[in-house]
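Here is how the chains run, residue by residue.
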Amino acid sequence: MIEFTNVSKYFERDGKRVLAAKDINLKINQGEFLTVIGPSGCGKSTVLNMCAGLMKPSFGEVKYKKQLVNGINTSVGYMTQKDNLLPWRTVRGNVEIGLEIRGIGKKERERESASFIEMVGLKGFENHYPQELSGGMRRRVSLAKMLVYNPETLLLDEPFGALDAQLRLILQDKLLQIWQETGKTIIFVTHDLDEAVLLGERVAVFSKRPGTIKKVEEVKLPKKRDVYNLRMTDEFRKVHANLWQSLREEFVEEVNAV
Ligand SMILES: Nc1ncnc2c1ncn2[C@@H]1O[C@H](COP(=O)(O)OP(=O)(O)OP(=O)(O)O)[C@@H](O)[C@H]1O
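Predicted model, so just to flag it, every value in this text is computed and none were measured.

Caption draft 1: View of the environment of Ile101. Its place among the elements puts Ile101 in helix 3 (residues 97-101). Here Ile101 falls in the exposed class, since its relative accessible area comes to 67%. Spatially, the C-alpha atoms of Ile101 and Tyr149 are 10.0 Å apart, while their sequence positions differ by 48 residues.

As structure tokens, then:
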């Protein structure tokens, strides 16, 4: 479904080349939930940007359903790290943008947006403006804005990073439910190893920059998961320990430098 073949990406800065991602080879199957974890600045967002068609690889190719990604990939919904909410629109107005573009009538827009606003726990805030919300609330508006549009594939860049632990659990559970019910393909970037194992069918570990894929580990847990109790299972502990071993090495130098 999504295929990275020998993908490398560099940026030019002050006349120098900064290699952000190196030799990425990765296949993501239709309906798969892949989580991606790695140190800060290792190229995770760059990989999502290339999948969304916002950036082109410097070398190699990215294909979506066997077609070269060449320009904006309209089959994906992308929740970036920065929220792109329009400050002059209310929560409801922001969530409805995609539906407006599609020409969906007012009544249906209101019904759809109300259900997703409720899903992300923001019922009662429909008429608030983004600047009146906390960072975590804005993240949730962005999530609703993306989901209401019903894209085939979701690219999520640390969507729950700014949320408190309890709310995070609830939204992880909701996202799993959406995935189970709709069969969407999901690439989910996180800094949290627990979250990567809780949600992913496979977890890809990136090395520090230039980011390469260091390891891809399968999580042999059922698709229908109980995020509240999964941490107690043997499989969770086993996968977590394996991945931590591999991830830890990437952080050792960084921590020693502090
Ligand atoms: N548009 C750009 N121009 C120049 N350098 C860039 C650009 N985008 C990313 N980089 C550099 O590429 C490297 C990878 O960045 P990227 O945002 O993909 O990392 P990341 O793994 O998502 O980081 P984080 O976990 O902190 O969000 C970094 O060194 C970053 O400074």
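Here the narrative resumes.
Caption draft 2: Expanded view of unusual backbone geometry. Looking along the chain, the bond that leaves Arg209 and enters Pro210 is cis, with omega of -5°. Tracing the backbone shows Pro210 in the loop between strand 9 (202-206) and strand 10 (213-218). Even without being glycine, Asn150 reaches a positive phi, approximately 60°. With respect to the helices and strands, Asn150 occurs in the loop between helix 5 (135-147) and strand 7 (153-157).

Caption draft 3: Spotlight on the sheet that holds strand 8 (residues 185-190). Strand order across the open sheet formed by six strands is 6-7-8-3-9-10, with mixed pairing between neighbours. Unpaired on one side and paired on the other, strand 6 (76-79) and strand 10 mark the two borders of the sheet. Taking the axes of each pair of neighbouring strands and ignoring which way they run, one obtains an average angle of 15° across the sheet. Taken together, the four bridges between strand 3 (residues 33-37) and strand 9 define a ladder with parallel strand orientation. Within strand 9, the residue paired with Leu34 across the bridge is Arg202.

Caption draft 4: Fine view of the pairing of strand 9. When you tally the buried positions in strand 9, you get four out of five residues, the bulk of the element. Alignment of strand 9 against strand 10, held across five bridges, turns out to be antiparallel. Residue pairing in the sheet places Val203 in a bridge with Glu217 of strand 10.

Caption draft 5: Just the nonpolar core, in detail. Within the largest apolar cluster, 46 residues are counted, with the highest numbers of intra-cluster contacts made by Phe33, Leu143, Leu147, Leu156, Leu175, Ile186 and Phe188. In terms of residue count, the dominant contributor to this core is helix 5 (six residues). When neighbours within four sequence positions are excluded, Leu175 is seen to be in contact with Phe33, Leu154, Leu156, Phe160, Ile186 and Phe188. Counting residues in hydrophobic clusters, the runner-up holds 25 residues, among them Ala21, Ile28, Val36 and Cys42.

Caption draft 6: Looking closely at the packing of aromatic side chains. A full pass over the atoms with the stated rule returns four aromatic pairs. Ring centres of Phe33 and Trp179 lie 5.3 Å apart, and the angle between their planes is 85°; this geometry places the pair in the edge-to-face category. Here Phe33, found in strand 3, pairs with Trp179, found in helix 6 (residues 165-182); they are 146 residues apart in sequence, far enough to count as distant. Relative accessible area serves as the criterion here: at 0%, Phe33 is assigned to the buried category. Note on Phe33 and Phe188: the rings are 6.0 Å apart at their centroids and 45° apart in plane angle, and the pair reads as tilted. Placement of the pair is Phe33 in strand 3 and Phe188 in strand 8, with a sequence separation of 155 residues. The two residues Phe33 and Phe188 agree in class, both being buried. Ring-pair connections join several aromatic residues into one group, and the members of that group are Phe33, Phe160, Trp179 and Phe188. Taking NZ or CZ as reference, Arg102 lies 3.9 Å from the ring centre of Tyr149, over its face.

Caption draft 7: Spatial organisation of the site of the ligand. In the vicinity of the ligand, 15 residues are found, and the nearest of them are Ser40, Lys44, Ser45, Thr46 and Gln81. At 2.6 Å from an oxygen atom of the ligand is found a side-chain nitrogen or oxygen belonging to Ser40. Within the contact set of the ligand, an oxygen atom lies 3.0 Å away from a backbone nitrogen or oxygen of Cys42. Considering the ligand on its own, with 640 Å² of exposed area, one finds that the protein chains cover 69% of that surface. Elements that contribute at least two residues to the shell around the ligand include exactly strand 1 (2-13) and helix 1 (44-52). Considering only residue class, the shell around the ligand consists of four nonpolar, seven polar and four charged.

Caption draft 8: Structural detail: helix 4 (residues 106-119). Helix length check: helix 4 (14 residues) gives 20 Å between terminal C-alpha atoms against 20 Å at 1.5 Å per residue, within 8%. Looking at the packing, one finds that the buried side of helix 4 touches helix 2 (91-95), helix 3, helix 5 and helix 6.

The rules behind each value
Residues numbered from 1 in each chain as written. Predicted model: local features only at pLDDT ≥ 70, side-chain atom pairs only at ≥ 80, totals over all residues. Heavy atoms only, no water. Helix = DSSP H or I, 4+ residues; strand = E, 2+ residues; numbered from the N terminus. Buried < 20%, exposed > 50% of the residue type's maximum accessible area, 1.4 Å probe, protein only. Pairing = 2+ DSSP bridges. Axes fitted to C-alpha atoms, helices over the stretch in contact; angles between N-to-C directions. Core = buried A, V, L, I, M, F, W, Y, C linked by side-chain atoms within 4.5 Å. Contact = heavy atoms within 4.5 Å. Phe/Tyr/Trp six-rings, centres within 6.5 Å; stacked < 30°, edge-to-face > 60°. Lys NZ or Arg CZ within 6 Å of the ring centre and 35° of its normal. Near = heavy atom within 4 Å. Polar contact = N/O pair within 3.5 Å; in protein donor to acceptor, adjacent residues only side chain to side chain. Areas by Shrake-Rupley, 256 points an atom, 1.4 Å probe, with all protein chains shown as cover. Nonpolar A, V, L, I, M, F, W, Y, C, P; charged D, E, K, R; others polar. Expected span 1.5 Å × (residues − 1).

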